[in-house]
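# Coordinate analysis (summary)
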Amino acid sequence: MTDVTRQTGTQLVKRGLAEMLKGGVVMDVVDADQARIAEDAGAVAVMALERVPSDIRRDGGVARMSDPKMIEEIQAAVTIPVMAKVRIGHFAEAQILQTLNVDYIDESEVLTPADEAHHIDKWSFDVPFVCGATNLGEALRRISEGACLIRSKGEAGTGNVVEAVRHIRSITGDIRRITQADSAELFEWAKRLQAPLSLIQEIAETGELPVPLFCAGGLATPADASLVMQLGAQSVFVGSGIFKSDDPAPRARAIVEATTNYTDASVVAKVSSGLGEAMPGLEIEGLETRLADRGW
Amino acid sequence: MKVGVLALQGAFASHHAALTATGVNPTEVRTPQDLADVDALVIPGGESTTMLMLLDSSQIRTPLVERIQNGLPVFGTCAGMILLSTNMADGRPDQQPLGLIDLDVRRNGYGRQIASFEADLDISGLDHPFRGVFIRAPLAERIGPKVEVLASVDGHGVLCQQENILVSSFHPELTNDLRLHQLFVDRAFAAQ
């Protein structure tokens, strides 16, 4: 029998995992116990981090990559994919996560940026990256750097969905407008969005982002998940919204059901009943730090 | 003929696009009513733990098993292969697969994402190789006597069939090669 030649770390393989996460919920967890609760509730993946965004916001200071020991404990606790965050531009943290065999690396504005001009060259890694974006130009710059999955940023740790809605609408709205543009207008779009022309032309042809588009930042209820899925998100990330609520397990489960059945309001109504208090929300105007402003 | 794609979670949109390219008009299956309307079904890749949970909460599990036992043509890819198998290793102890094809699989048997790979596969019945995309793929560890192996990687079956059930541990929906979707659709038509 001849051995089959295996090619690893290809774009197809890296983007492919994001395809498998569609229609699902990625949950922030800070330890193995929370990771098990997330898997029990039907999460398609967990995001391992030391503090959820609302605690990072409260505590202040520099937020960094998590302790590898904690990430390994979470990997041992669950069978679903494990993601972890690195600071924007901190490729050495990303190298560490790659040696730990995490399934996805999030170059995240939730942590304190390590580089004020450069994001990581994500093409040089075999582990795929997800990056945040507030608009289409930012999304395409991240894709040109090698990101295989985009999540709209929202405003993490607020329990307020308004920024998530602003960002997903901005991205999908510009995609729709580009599909209406003629070939000469595409050059202007590339200039305006500060994004590669080839990606703009690809969007004009396909009508969608070249990689999957998920939504994050401020989601706290099953209805929030249904809202952003109807606005064009293909999956949702829920951070503080689960483990900062009164009763995390049933809320996590309800958000999973709402994400699958987002088009059926009767299902969303049923799973929304009796969940207890959602996490306390914050007004965006009152925030000292706007995490979504990080990244360039 | 109506071809459905189980759309509880995972890569259902890519299968929908591939089936559409073969000329059929696929529908998404999320409820027992949706399932009752289809004459063939694709079960996509995704997270098998999530999909098994949603099969129960959507009350699809029992009718799905009955339909497949009664001959519904079904094509399960990756997580779909896990769902259709007899036993799964490295799964959640509280979850059981549907037990419809005589295969035992190990979830993520090829390793974590860093080990995910592409490879050219020789598939019996196809005249040139098929590019297989394996993502945290299940490994077939035991293959029952009634199961026919159509392709393998390093001695492990990666495309298998048993009567009306076709399973692959790779993702034909992620390439532009429509041959396996076409094969499935042609067989489903022939079975009618």
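Quick look at the structure, then. (Residues numbered from 1 in each chain as written. Chains lettered and ligands numbered in written order. Predicted model: local features only at pLDDT ≥ 70, side-chain atom pairs only at ≥ 80, totals over all residues. Heavy atoms only, no water.)

### Some remarks on the nonpolar core
Side chains of a nonpolar character, in soluble globular proteins, are inclined to be buried together. Formed by 103 residues in total, the largest nonpolar core has its most connected members in Leu-209 of chain A together with Leu-84 of chain B. Here this core takes six residues from helix α7 (residues 162-180) of chain A, the largest share from any one element. Listed in part, the 30 residues of the second largest apolar core include Phe-130, Leu-150, Ala-151 and Ala-188 of chain B. (Core = buried A, V, L, I, M, F, W, Y, C linked by side-chain atoms within 4.5 Å. Buried < 20%, exposed > 50% of the residue type's maximum accessible area, 1.4 Å probe, protein only. Helix = DSSP H or I, 4+ residues; strand = E, 2+ residues; numbered from the N terminus.)

### Some details on the pattern of salt bridges
Per the counting criterion, the structure on display carries 37 salt bridges over all chains. With a shortest N-O distance of 3.3 Å, Glu-39 of chain A and Arg-92 of chain B are connected by a salt bridge. A residue pair is termed interchain when its members come from two chains, as with Glu-39 of chain A in helix α2 (residues 32-40) and Arg-92 of chain B in the loop between β5 (87-89) and β6 (103-106). Given a relative accessible area of 5%, Glu-39 of chain A falls into the buried group. Between Asp-174 of chain A and Arg-177 of chain A there is a salt bridge; the shortest N-O distance is 3.2 Å. Of this pair, Asp-174 of chain A and Arg-177 of chain A both sit in helix α7, three residues apart, roughly one helical turn. Residue Arg-177 of chain A is classed as partly exposed on the basis of its relative accessible area of 48%. One network of salt bridges, with partners in common, ties together Arg-51, Asp-55, Arg-58, Asp-59 and Lys-244 of chain A. (Salt bridge = Lys/Arg side-chain N within 4 Å of Asp/Glu carboxyl O.)

### A word on unusual backbone geometry
Here Gln-194 of chain A, not a glycine, exhibits a phi torsion of approximately 50°, which is positive. Following the sequence through the fold, Gln-194 of chain A ends up in the loop between α8 (183-193) and α9 (197-206). Phi is positive for Gln-59 of chain B, close to 60°, though the residue is something other than glycine. Its location among the elements puts Gln-59 of chain B in the loop between α3 (48-57) and α4 (61-69). For Gln-59 of chain B, a relative accessible area of 61% translates into the label exposed.

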